[in-house]
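Structural features, examined
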Amino acid sequence: MGTGNYDNTLKKGISLKKSFPIALKQRKTRKVEIKTASYRAGKLLTKLMFAGVARVHLVEHENANRTGGFLLAANHISHFDPFLISLAVRRKIDWMTMAEFFRFSVLGFFLRAIDAFPAERDRADRKTIRTAIERLKGGRVVGLFPEGGIRDGVRSLLEGAPLRPGAATLAHIAGVPILPCVILGSDRLYSIKQWLPLRRTPIWIAFGNPISHFPELPKLQARERIESELAAQFKNLYARLQQTFRLTTEDLPHPPRERFEVRGHVRALKSGDVSPHSKIARFAASRIDGFLCASMNLLQSRHRLNGSSRAEMERYVVECERLTAQEYYAAPDDVDLAKAFGDGRATIAWRSPIKTQFPANNIACADFFRCAQGTNAPTVFLLHALMSTSPIGHRRYAEYFNELGWNACFLHLPYHFSRVPRGYWNGELAITCDLIRNAEGLRQGVIELRQVMGALRERGCREFGVLATSYGGWIGALLAMVERDLGFVALMAPIVNIEHAIWASPAARLIRRELHRANIEQSLIARHFHLSSPLHNQPLCDCARVLFASGEFDSIAPAEQIEAIQRKWRGSELLRIRQGHFGYWMMRETIARLKERGDL
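Report follows, based on the coordinates.

Cut-offs used in this document
Residues numbered from 1 in each chain as written. Predicted model: local features only at pLDDT ≥ 70, side-chain atom pairs only at ≥ 80, totals over all residues. Heavy atoms only, no water. Pairing = 2+ DSSP bridges. Helix = DSSP H or I, 4+ residues; strand = E, 2+ residues; numbered from the N terminus. Axes fitted to C-alpha atoms, helices over the stretch in contact; angles between N-to-C directions. 1 Å grid on protein atoms, 1.4 Å probe; cavity = no way out; pocket = protein on both sides within 12 Å on 5 of 7 lines; lining within 4 Å. Points joined across faces, edges and corners; volume = space filled by probe spheres on them. Nonpolar A, V, L, I, M, F, W, Y, C, P; charged D, E, K, R; others polar. Core = buried A, V, L, I, M, F, W, Y, C linked by side-chain atoms within 4.5 Å. Buried < 20%, exposed > 50% of the residue type's maximum accessible area, 1.4 Å probe, protein only. Phe/Tyr/Trp six-rings, centres within 6.5 Å; stacked < 30°, edge-to-face > 60°. Contact = heavy atoms within 4.5 Å. Patch = residues over 30% accessible without salt bridge, like charges linked within 9 Å, V, L, I, M, F, W, Y side chains within 5 Å. Areas by Shrake-Rupley, 256 points an atom, 1.4 Å probe, with all protein chains shown as cover. Salt bridge = Lys/Arg side-chain N within 4 Å of Asp/Glu carboxyl O.

Before going further, it helps to examine the sheet that holds strand β8 (residues 347–351). As summarised here, the arrangement of the 8 strands in space is β8-β9-β11-β10-β12-β13-β14-β15, forming an open sheet in which the pairing is mixed. The open sheet is flanked by β8 and β15 (573–577), the only strands paired with a single partner. Going from strand to strand, the sheet's axes swing by 20° on average, the running direction of each strand aside. In this structure, strand β14 (residues 546–551) lies alongside β15, joined through 5 bridges in parallel fashion. Among the inter-strand pairings, alanine 549 is bridged to a residue of β15, identified as leucine 575.

A word on the layout of surface pockets. By volume, the second largest pocket amounts to about 700 Å³. In this structure, the second largest pocket is lined by 25 residues; those nearest its centre are Phe102, Arg112, Phe117, Pro118 and Lys127. Of all the elements in the fold, those that place two or more residues in the lining of the second largest pocket are α3 (105–113), β4 (117–119) and α4 (126–137). Here the residues of the lining of the second largest pocket sort into 9 nonpolar, 6 polar and 10 charged.

In terms of nonpolar packing, the biggest core is built from 86 residues, with Phe381, Leu383, Leu515 and Ile525 touching the most fellow members. When residues in this core are grouped by element, the largest group, 10 residues, is from helix α13 (residues 435–458). Grouped together as the second largest cluster of nonpolar side chains are 36 residues, Val142, Ala167, Ile178 and Leu237 included.

Let us look at empty space enclosed by the protein. A full pass over the atoms with the stated rule returns 1 cavity of 30 Å³ or more. Computed from the structure, the largest cavity encloses a volume of approximately 50 Å³. In terms of lining residues, the largest cavity is bounded by Pro494, Ile495, Val496, Asn497, His500, Ala501, Ile556, Ala557, Pro558 and Gln561. Of the residues that constitute the lining of the largest cavity, the class distribution is 7 nonpolar, 3 polar and no charged.

This model, assessed by the stated rule, comprises 16 aromatic pairs. Plain terms: the ring middles of phenylalanine 50 and phenylalanine 80 are 6.2 Å apart, the flat faces sit at 85° to each other, and that makes the pair edge-to-face. Here phenylalanine 80 lies in the loop between β2 (70–74) and α2 (81–88) and phenylalanine 50 lies in helix α1 (residues 2–51), a separation of 30 residues in the sequence. Each of the two residues, phenylalanine 50 as well as phenylalanine 80, counts as buried. Taking 5.5 Å as the distance between ring centres and 55° as the angle between the ring planes, the aromatic pair formed by phenylalanine 80 and tyrosine 190 counts as tilted. Of this pair, phenylalanine 80 sits in the loop between β2 and α2 while tyrosine 190 sits in the loop between β6 (178–184) and β7 (201–207), and the two are 110 residues apart along the sequence. By relative accessible area, which is 16% here, phenylalanine 80 ends up buried. Looking at tyrosine 190, the relative accessible area reads 6%, which means it is buried. Aromatic rings pair up to connect Phe50, Phe80, Tyr190 and Trp195 into one cluster.

Next up on the list: unusual backbone geometry. At methionine 387, a position not held by glycine, the phi torsion is positive, near 60°. In this fold, methionine 387 is placed in the loop between β10 (379–383) and α12 (392–403). In this model, serine 470 sits at a positive phi of 50°, which is unusual for a non-glycine residue. Its location among the elements puts serine 470 in the loop between β12 (464–469) and α14 (471–482).

Residue position: threonine 356 is located in the loop between β8 and β9 (363–369). In this structure threonine 356 comes out as buried when scored by relative accessible area, which is 17%. If near-sequence neighbours (up to four positions away) are discounted, threonine 356 is found in contact with Asn361, Asn362, Tyr415 and Gln444.

Another aspect to go through is a nonpolar patch on the surface. There is a patch of nonpolar side chains on the surface, built from Leu44, Leu45 and Leu48 and spanning about 340 Å² of accessible area. Mapping leucine 45 onto the fold places it in helix α1.

We now examine the sheet that holds β4. Pairing is mixed in the open sheet, where 7 strands are placed in the order β1-β7-β6-β2-β5-β3-β4. Lying at the two open borders of the sheet, with one neighbouring strand each, are β1 (54–59) and β4. In this sheet, adjacent strand axes meet at a mean angle of 25° when their direction is disregarded. Together, β2, β3 (93–98), β4 and β5 (141–144) form the strand contacts of α4, whose direction differs from that of β4 by roughly 135°.

Moving on, we come to the environment of serine 418. Position of serine 418 relative to the elements: it lies in the loop between β11 (407–411) and α13. The class of serine 418 is partly exposed, set by a relative accessible area of 42%. Here the alpha-carbon distance between serine 418 and glutamine 444, two residues 26 residues apart in the chain, equals 15 Å. With residues up to four places along the chain from it excluded, the contact list for serine 418 reads Ala360, Cys365 and His412.

The next thing to look at is the pairing of β5. Covered by surrounding structure in β5 are Val141 and Gly143 together with Val142 and Leu144, the residues of both alternating faces. The sheet contact formed by β2 and β5 spans 4 bridges and is parallel. By the bridge assignment, alanine 73 is partnered in β5 with leucine 144. The pairing of β3 with β5 spans 3 bridges and is parallel.

Right, here's the structure in full:
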């Protein structure tokens, strides 16, 4: 009987072993089918979007529909280029896309769904190179812009600017040809006039002849030959489009600022500004913010309140009402933490003073970037946004601060990065309808920051700064309520009015529904504002040290809310940026302003 059971178990094991590769293959096939369907759906939507506003003229488009894997290399004059080029090519293109776009969870999810993959603009990333080579060897089409960004005039390879070496290297290693592509006219779509009905802006796209990877030549010579032929074809295709379609100077690439019909880089808008750039920026910002708010609401549908939530909230508020901010955010000393900073570690982890039901979140973590002066140099805290998908951008700015003689500390805020419990998205648990968990998460973040400040004081640091975004800006503002010696506090699109964040923000519709269902009213929540809402408090540090940055088109942290706290925190400064809640201009403009003020 025992032998029979053993034989049956052995047969089942063999059967499972045989079926596993089949199941894995089926799973991969389904994944490919889903991504292909997503790409086709996206392509259809793109076609519908551009059908009434663009008229595309193609030259040698049959070159782009060849079989086998190849690298499609195109010039880059606008953000519309990959969409228009994809419409002209029947085959699916896997685009190498700026890594910054993947930092927003929803946008990153969409890009991965159509097989785009991230690429760093200023350095060679091994993972990106490996991904590109694998796809090229697999017979797929990979698209890239060898200029590394939008270029025009003498900065463009069309005008003879040097090529970056990445394209030639990828083609040679993968053993595939490069197909050059030149696009003109797409930069005119930055002007709102071109989107008016029946305008049909002309777009010109030319495809060159495939360039061999020259397997018979030595590596260095092969890559030089590829770059030489690619540069020559770009110039020839550019000249051919001008001659064939008799293009004028207006048809050739111009800087986006000129197409927007504005001067300067980023400027503050006056009330009632109706310039074309303003309309386009407002439209784009509202769509991006709206899309991401809808995604956040969809994610919140996973969370529900229980029947005792009203009573639990009442007990929590009663306990907190008798506490001051200093008591609520009191930080215990941690001798081991001070020692860890002295040991020269790059990543420091310690047990958080606030214990939650999630063990992963109970371990605080900070990445510390030392400058040449050591731990006694001033330190800036980099506080990320809610559901921030990557710390890469903050690490770059940490290096920048190191060059200025500042240490930089990137704190993993509660429920983010190393602190994400299994089964949840990055930051998903930080803001939900469970307001007690939200408040304790904020409290946790502030206390951990104060612990780090105390540890650094032990190591000789006497000056601190805060550079914080959105959710991180909320925590940074709370820190300013209880810490005096902050050299500067730069808060970018911070959440400052909790009443608005809960009861009016488009990102909290599902949260409001759950609160109404649990009979948790506004008056009950307002009893906690003396601890959690920056707008209802004053900073302990000098207001003149505080810089607020507001997005003109922000629907999550509206400009009027930032203006209100800037007026209340009398002496603080307000910087206006033309963007929504999500954008790339705010960080660089804020740092530039800090330098102008002499804070850095």
